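Below are the chains, spelled out letter by letter.
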Amino acid sequence: MVTKKITTSNKRKDVTSLAAVIVIILLFNFVGSFYFERFDLTTEKRYTLAESTKNLLKNLDDEVYLKVYLNGDFDPSFTRLKNEAREILDEFRAYSKNQIQYEFITPGEGVTPEEKNNLEKQLYEKGLMPEEITMRSSDKTTQNRIWPGAIISHKGKETVWQIFNRQSTGVEMETSINNSVEELEYSLTNSIRKLQRTKRPEVTFIQGHHELDTIQQYSFMKALSEYYDVNQTTITPGRELRSLKGSDAIIISKPDSAFTDKEIYTIDQYIMNGGKVLWLIDPVYTNLDSLRTGFTLGLNRPLNIEEMLFKYGVRLNPILIQDIQCSYLKINTGFQKGQPKFELLPWVYSPLVLPDINHPIVKNLDLIKFDFLSTIDTITSARNIKKTILLKTSKYTKTQPTPARISLAMTKMKLKESQFINSYQPVACLLEGEFTSFVENRLPSVLLNDTNFKHIDHGKNTKMIVVADGDVAKNEYARNTGQVYPLGYDRNTQQTFANKTFLVNCVNYLLDDEGMLQLRSREVKLRLLDKKKIKQQHSKWQFINVAMPLLIVIAFASIQFYIRKRKYAAAK
C-alpha cells in the first residue's frame, strides 16, 4: 500500500514537472517573439553583422531574391564556402525580416546537355564566372566546373554576387577560400546596395591634357558605372569654378602636359570644399614607339602639379622602378624553320605589386600590374594630414633616376638579386584630413578683399589617393577587332591582375561610408587540419567518432539503470 502511494506521488511530481517545463518553454517563446537576438560565440565574431549591414537590411522596402549556383558535390574547401554562404544568407534573412530569400541551385541538374550549355552561357553573359576544380580521391581524379556565385534580383533589376574569387597562381586554394569567406558580408552587402541606389554619386574623369581616353579606360569606367554616374569634363577656360560643380570625386589619369595655374587653382578649391581626388600620375615620360625599335629614354615630365601635391603631403619622384617581381614581354628571340620564335621574358619595368597591409582598400587583393612605375615620398611638413602607404614594391627593387635608358635587350640579361637593393619603395599613398590650399598667403589682398571672390585657405575634411603610375588604369584593346580587354588583363601572359578591383576600391573608399570599410576589415581565421596527420590517423579517429558516442550512451544507460535499481529496491 505504501509502495502504491509512493508511486502515485512520483507520477504526480513527474507530470507537474513536465507541465512546468512546457509552460516555461511556451512562455519563453511568447516573450521571445517580441525580441530578436542572436548570440555569436566565435572568437572573431564571424556571425556578427556590422551595424551598417543591419541598417541596410532593416530598411529594405521589397524582397531581394538570390539564385545561388554554388551547389553540388564539392571537395571540403568549397563545401565550407557553401556552408558559410548559406549561414550569411540566413543571417541576412533574419535581420531583414524575411525580405532576403534564396535558393541553392545545381546548374544542369535534371536537364539535357544542350540545356545545361545554354544555362551556363546565360550565367556567363550575366557576369558569373565559373571555376574549374580538381577533386582527388584515393583511387581517381575528376575535373568539375562549378559556378560559385549568385544572381540577385530586386525590383526588376539584377546583379551578380561572385562568392568565390581565385587569387593568382601559387596561392593555395585554402587561402583563396578563406579570403572569399572574409569577403562574404562585404560582397553581398555591396551587391544589394548597387540594386538599391536611386541617387548615385557622380565621378568625373578630367580631360584636356591627353589623359587616357574612353577606350583606354573603358573597363575602369564601366566598373565604376555599377556604383556611380560617370562622366568626363574639361576645366573650361573662363568657367573653371563651374567645371567641377556637382562632382563628388574626380579622377586624373595619366596627363602628359602641364596644367595651367587656373586649372590648378580650380582643383585646389574643389579639394578645399571637400572634393575627393584619385591621382594616377606618371612623373616620367617614356616613348613606347621608340621602345619598339629597341630602346627609349625615360625623361622627367613636369606637370605643374608637383608643388600642389607637395603642399598636400606627397612628392612624386621622377624615378623609374625595376623589380624582379614583374610581368613578362613576348620577345622575338630568333627564327625557327623560317618562323619567328617568341618567348616570354621578364620585364622589370612592369612591376607586380602585392599589397601587404590590412587597409580596406587593398586587403586580400591579388597582384597589381604597373608599367614604368615611379616612387612616392610623404612630406612631414603636412602635419595635419594622415598618410597611409597603400602599396610598396617587392624586396628586390632597384631605382633608376632620370634620364634613364630603357632597352629591350635587358630582357635577355640574367637578373642579379644583389643589384636590387632599394627594397619596398612606396608607390601609392592615401591622404586624409583638412588640407591647406597650396596658394595660402600668396594671393594679393585686392582679391582677398573682393566680396565676389570666394577663396578657402583651410579646407573641409576630405581625402585623396595618389598613385605614381597612370597605366594602372589602362586596359588593353585590339585595334584590328576593337575588342576591349578587362582592366588588368595581360595579353602576353593571359593573366588578369587586380588593377580593376584596386581602383574601384579606391573610389569606393573615397565616396562610401565607414560601414562598408568595417566589412572589408573582417578577418576569419583559417583553421586547417593537418593533412599528413589525417592520413596517418584516419582509422583511429574514424573509430573514435563512431564507437565513442555508442560507448558513452551505453555507459550512461548502465549508470541510470543501476541508480533506478537501487532506488526502487530500497523502496521495497
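Look up: the structure comes first, before these words.
Considering the pattern of salt bridges
This structure, assessed with the given rule, holds 14 salt bridges. One salt bridge in this structure joins Asp 371 and Lys 369, with 3.0 Å as the shortest N-O distance. Note on Lys 369: relative accessible area 15%, which makes it buried. Bridged by salt links that share partners, the residues Lys 254, Asp 282, Arg 301 and Asp 471 form one connected network.

Focus on the side chain of Thr 204
Looking at the secondary structure, you find Thr 204 in strand β7 (residues 202–207). Under the relative-accessibility criterion, Thr 204 is labelled buried at 1%. Of the polar contacts made by the side chain of Thr 204, one reaches the side chain of Ser 247; its length is 2.6 Å. Here Thr 204 is in contact with Asn 231, Gln 232, Thr 233, Ser 247, Ala 249, Ile 250 and Ile 251, once residues within four sequence places are set aside.

Some remarks on the packing of helix α3 (residues 76–95) against helix α6 (residues 184–196)
Across the interface, α3 lies against α6 with an axial gap of 10 Å and an inter-helix angle of 50 degrees. With respect to α6, the axis of α3 lies oblique. Crossing angle aside, the handedness with which α3 passes α6 is right-handed. Residues Glu 84, Ala 85, Ile 88, Leu 89 and Phe 92 of α3 touch α6, and the partners they reach there are Leu 184, Glu 185, Leu 188, Thr 189 and Ile 192.

A closer look at the environment of Gly 294
Positionally, Gly 294 belongs in the loop between α10 (288–292) and β12 (295–300). Note: C-alpha distance between Gly 294 and Ser 407 (113 residues apart in sequence) is 5.9 Å.

Examining α6
Taking 1.5 Å of rise per residue, 13 residues should cover 18 Å, and α6 covers 18 Å from first to last C-alpha, within 8% of that figure. By the criterion of burial, α6 is predominantly enclosed, with 12 of the 13 residues buried. Every buried residue belonging to α6 is among Leu 184, Glu 185, Tyr 186, Ser 187, Leu 188, Thr 189, Asn 190, Ser 191, Ile 192, Arg 193, Lys 194 and Leu 195, and all of these are buried.

Details of the environment of Asn 273
You can see Asn 273 is positioned in the loop between α9 (261–272) and β10 (276–280). The class of Asn 273 is partly exposed, set by a relative accessible area of 43%. Along the backbone, Asn 273 and Thr 462 are 189 residues apart, and their C-alpha atoms lie at a distance of 8.5 Å. With residues near it in sequence (within four places) discarded, Asn 273 still touches Ile 456 and Lys 460.

Points about the packing of aromatic side chains
Enumeration according to the criterion identifies 8 aromatic pairs in this entry. Between Tyr 227 and Tyr 228, the ring centres sit 5.7 Å apart and the planes meet at 35 degrees, which makes this aromatic pair tilted. Each ring, one from Trp 347 and one from Tyr 349, has its centre 5.2 Å from the other, and the planes form 55 degrees; the classification is tilted. Residue class for Tyr 349 comes out buried when judged on its relative accessible area of 0%. Taken together, Trp 347, Tyr 349 and Phe 372 form an aromatic cluster joined through their ring pairs. The ring of Phe 420 carries the charged tip of Lys 398 above its face, separated from the ring centre by 5.1 Å. The ring of Phe 295 carries the charged tip of Arg 405 above its face, separated from the ring centre by 4.4 Å.

Scoring rules and cut-offs
- Residues numbered from 1 in each chain as written.
- Predicted model: local features only at pLDDT ≥ 70, side-chain atom pairs only at ≥ 80, totals over all residues.
- Heavy atoms only, no water.
- Salt bridge = Lys/Arg side-chain N within 4 Å of Asp/Glu carboxyl O.
- Buried < 20%, exposed > 50% of the residue type's maximum accessible area, 1.4 Å probe, protein only.
- Helix = DSSP H or I, 4+ residues; strand = E, 2+ residues; numbered from the N terminus.
- Polar contact = N/O pair within 3.5 Å; in protein donor to acceptor, adjacent residues only side chain to side chain.
- Contact = heavy atoms within 4.5 Å.
- Axes fitted to C-alpha atoms, helices over the stretch in contact; angles between N-to-C directions.
- Parallel < 35°, antiparallel > 145°, perpendicular 65-115°, else oblique.
- Left-handed = near helix turned anticlockwise from the far one by under 90°.
- Expected span 1.5 Å × (residues − 1).
- Phe/Tyr/Trp six-rings, centres within 6.5 Å; stacked < 30°, edge-to-face > 60°.
- Lys NZ or Arg CZ within 6 Å of the ring centre and 35° of its normal.

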